[in-house]
Amino acid sequence: MATELDPHHLVALMHFQFQGEQARASRRLDPTSHSLKYGIRDDHGTNVRTFPVLDALASIFVSQESSQVVAIALQLNSQKQEIRLTIAENQEVRPGQVNHLTKVWEKLQTLSGEYAKQRGSRWDKHEGMSPEIPWDVAFSLRAEIYSDIYQYSLKKQMKRITKWKDGLRLFLVHLLEHRGGANLEGFELNLFNAALGLRATLKLIGKLHDNPQNQLTDDQWKTIYEQNTWVTENVRLVFVDGGRMGCESLVNELEEYYPRSQFELRRALEKLTSLDRHIEALFAFAHSPRLRHALQYRMSISVVPEQTRTVKLPTSQEQWQSILEAACNERRVWQKKDSALLSEMFQLEYTCPVHCECRLIQYLMAKHNTPWDNVPPFNYIGVSKLSCGACHIWMEAFNGLDGRQFYTRGSHGKWYWPWGVPTVGGESLGKIMAEKISVEYKAYQRGLGRVRLDSDSSDAEPLRVRPRMGAAVADRVASSAAEAVLEDGGSGLDLMKTPY
């Protein structure tokens, strides 16, 4: 019972317990309960609206289909008018990745200048919202940036589309059949439009994906940009007009078509439009008068080197049982079986990577003998993916040391092994982390009735302004998508029955 718990052992234990499944529901950052410091502006509301910008920058850094996660930190030196982005990922950062981000940043600077020129002196800085973004202003430049990002992230985006498109198409088939051939209305029509627009986009994108040598023309990329913006607008209306539970209510209504497991409609729509929403956040960043000075500063990029920890795990059933007893603070019969399984599952020694968001925090806390050592980083870290359970708890423990605080947008609640504890914070931080993991593990076992009861027993708000298509452009894109129905013949139901 007196065993001193090692956080590495407990992370391995949580991985064993949940086998890649969520240990608990996703947790999102609540910005109202945290102090945000050293952002682009000394203003809480503006700093919150900066969250999606950093998450977008991290996300457009991803080009591989899988196993690539990126974290980005921001430092801003107002006196020297310099800004630095520090990047960590779970693999080695390549020069081509840095060049891509630099290229996009430079074009965002140009876009910011175009917007400022169009805006002139008409914006009152005391207004609560930024002015609207006219669709036609800098449209060709936006389409060019869109093309650059989409082509760089094509493999990742096509993986998302391939995973979800058939499920969405079949869901629409079931919905149309369920409605008995009646015309869809309200957010259901928006859902159909989103699937229709996605189908039209894939006719063009598919050519590039199947053969990268088939370069699309500038006009084709403008069409793709318009179509995907229309898709994203329709998805947004599904979420808004359908209400908080609109997708879930619709899924429940069609449960007869899904006897085994329901279709994850909301997740499918979020995944299919994620890249477009990130690009939209960057365009809103370039348009924001409050954030414009960040794009006027000289930008540099620093890369965090890879880091691993060599970790030895217990190898005997007796050692694992001792850990289970200490984590639960009691001895139970089931621990004998679990400890035997644990001793069979894990080997003695592992090379454990330190995940990118934790490694980035460690890097920011160290001294590197550069002027940036004296420039505190913004305490929100942009990530391309929600943090895992271990990283989330490590950051909670780090933030409890009464020093600098760092946050990401949340955790998906899954536990992975191998996973390495950063060296910053020393043994005291490791003990805090071990205690926090033990609490979660014991709470889970308590929920299963395997241990005794105790005696007393989130999305950052995005930048809101985006380019408005206007009725004329939206009608043109809708007409173009509708032509697909006529071109392929038949009704909307017939079209959705046809794979794409």
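Quick notes on the rules
- Residues numbered from 1 in each chain as written.
- Predicted model: local features only at pLDDT ≥ 70, side-chain atom pairs only at ≥ 80, totals over all residues.
- Heavy atoms only, no water.
- Helix = DSSP H or I, 4+ residues; strand = E, 2+ residues; numbered from the N terminus.
- Buried < 20%, exposed > 50% of the residue type's maximum accessible area, 1.4 Å probe, protein only.
- Areas by Shrake-Rupley, 256 points an atom, 1.4 Å probe, with all protein chains shown as cover.
- Polar contact = N/O pair within 3.5 Å; in protein donor to acceptor, adjacent residues only side chain to side chain.
- Contact = heavy atoms within 4.5 Å.
- Salt bridge = Lys/Arg side-chain N within 4 Å of Asp/Glu carboxyl O.
- Pairing = 2+ DSSP bridges.
- Axes fitted to C-alpha atoms, helices over the stretch in contact; angles between N-to-C directions.
- Phe/Tyr/Trp six-rings, centres within 6.5 Å; stacked < 30°, edge-to-face > 60°.
- Lys NZ or Arg CZ within 6 Å of the ring centre and 35° of its normal.
- pLDDT = per-residue confidence, 0-100.

Caption draft 1: Seen up close, the overall build of the protein. Across its full length, the protein carries 18 helices and ten strands. Classification of the 500 residues of the protein by burial places 55% in the buried group. For the protein, the accessible surface area stands at approximately 23,200 Å², while carbon and sulfur atoms represent 48% of it.

Caption draft 2: How the structure looks around the side chain of Ser343. Of note, Ser343 is situated in helix 13 (residues 334-345). For Ser343, the side chain forms a polar contact with the main-chain oxygen of Ala340, separated by 2.7 Å. With residues near it in sequence (within four places) discarded, Ser343 still touches Thr315, Ser316, Gln317 and Trp320.

Caption draft 3: Broad picture of the pattern of salt bridges. As enumerated under the stated definition, the model contains 19 salt bridges in all. Its salt-bridge partner being Glu226, residue Arg476 comes within 2.5 Å of it at the nearest N-O pair. Assessed through its relative accessible area of 46%, Arg476 is described here as partly exposed. A salt bridge links Glu248 to Arg266, with the nearest nitrogen and oxygen atoms 3.0 Å apart. Of the two residues, Glu248 sits in helix 8 (residues 246-253) while Arg266 sits in helix 9 (residues 265-272), which places them 18 residues apart along the sequence. Given a relative accessible area of 26%, Glu248 falls into the partly exposed group. Note on Arg266: relative accessible area 22%, which makes it partly exposed. Linked through salt bridges whose partners overlap, the residues forming this network are Lys103, Lys107, Glu144 and Asp148.

Caption draft 4: Summary view of the sheet that holds strand 5 (residues 298-303). On the basis of which strands lie adjacent, the open sheet formed by four strands has the order 5-3-2-8 and mixed pairing. Pairing within the sheet leaves two strands with one partner each, and these edge strands are strand 5 and strand 8 (382-383). Bridge count for strand 2 (residues 70-77) against strand 8 is two bridges, and the pairing is antiparallel. Bridge pairing in strand 8 places Ala71 opposite Val383. Where helix 3 (residues 95-119) meets the sheet, its contacts fall on strand 2, strand 3 (82-89) and strand 5, and the angle it forms with strand 5 comes to roughly 160 degrees.

Caption draft 5: Summary view of the packing of aromatic side chains. Under the counting rule described, the total for this entry stands at 21 aromatic pairs. Counting every residue linked through ring pairs, the aromatic cluster contains Trp135, Phe139, Tyr146, Tyr150, Trp221, Tyr225 and Phe283. The ring of Trp135 carries the charged tip of Arg142 above its face, separated from the ring centre by 4.8 Å. The ring centre of Trp334 lies 3.8 Å from the NZ or CZ of Arg450, which sits over that ring.

Caption draft 6: The arrangement of the confidence of the model for the protein in detail. Per-residue confidence for the protein gives a mean pLDDT of 88, with 89% of residues at or over 70. Per-residue pLDDT, averaged within each element of the protein, yields its smallest value for strand 1 (residues 27-28) (69) and its largest for helix 4 (residues 139-152) (97).

Caption draft 7: Structural context of unusual backbone geometry. Of note, the bond from Trp417 into Pro418 is cis; its omega dihedral lies within 30 degrees of zero at 5 degrees. Its location among the elements puts Pro418 in the loop between strand 9 (410-411) and helix 16 (426-447). With phi around 60 degrees, Ser67 is a residue other than glycine that occupies positive phi space. If you trace the backbone, Ser67 turns up in the loop between helix 2 (44-59) and strand 2. The phi dihedral of Asn369 falls on the positive side, at around 60 degrees, and the residue is not glycine. Along the polypeptide, Asn369 turns up in the loop between helix 14 (356-365) and strand 8. Overall, Asn369 belongs to the exposed group, its relative accessible area being 79%.

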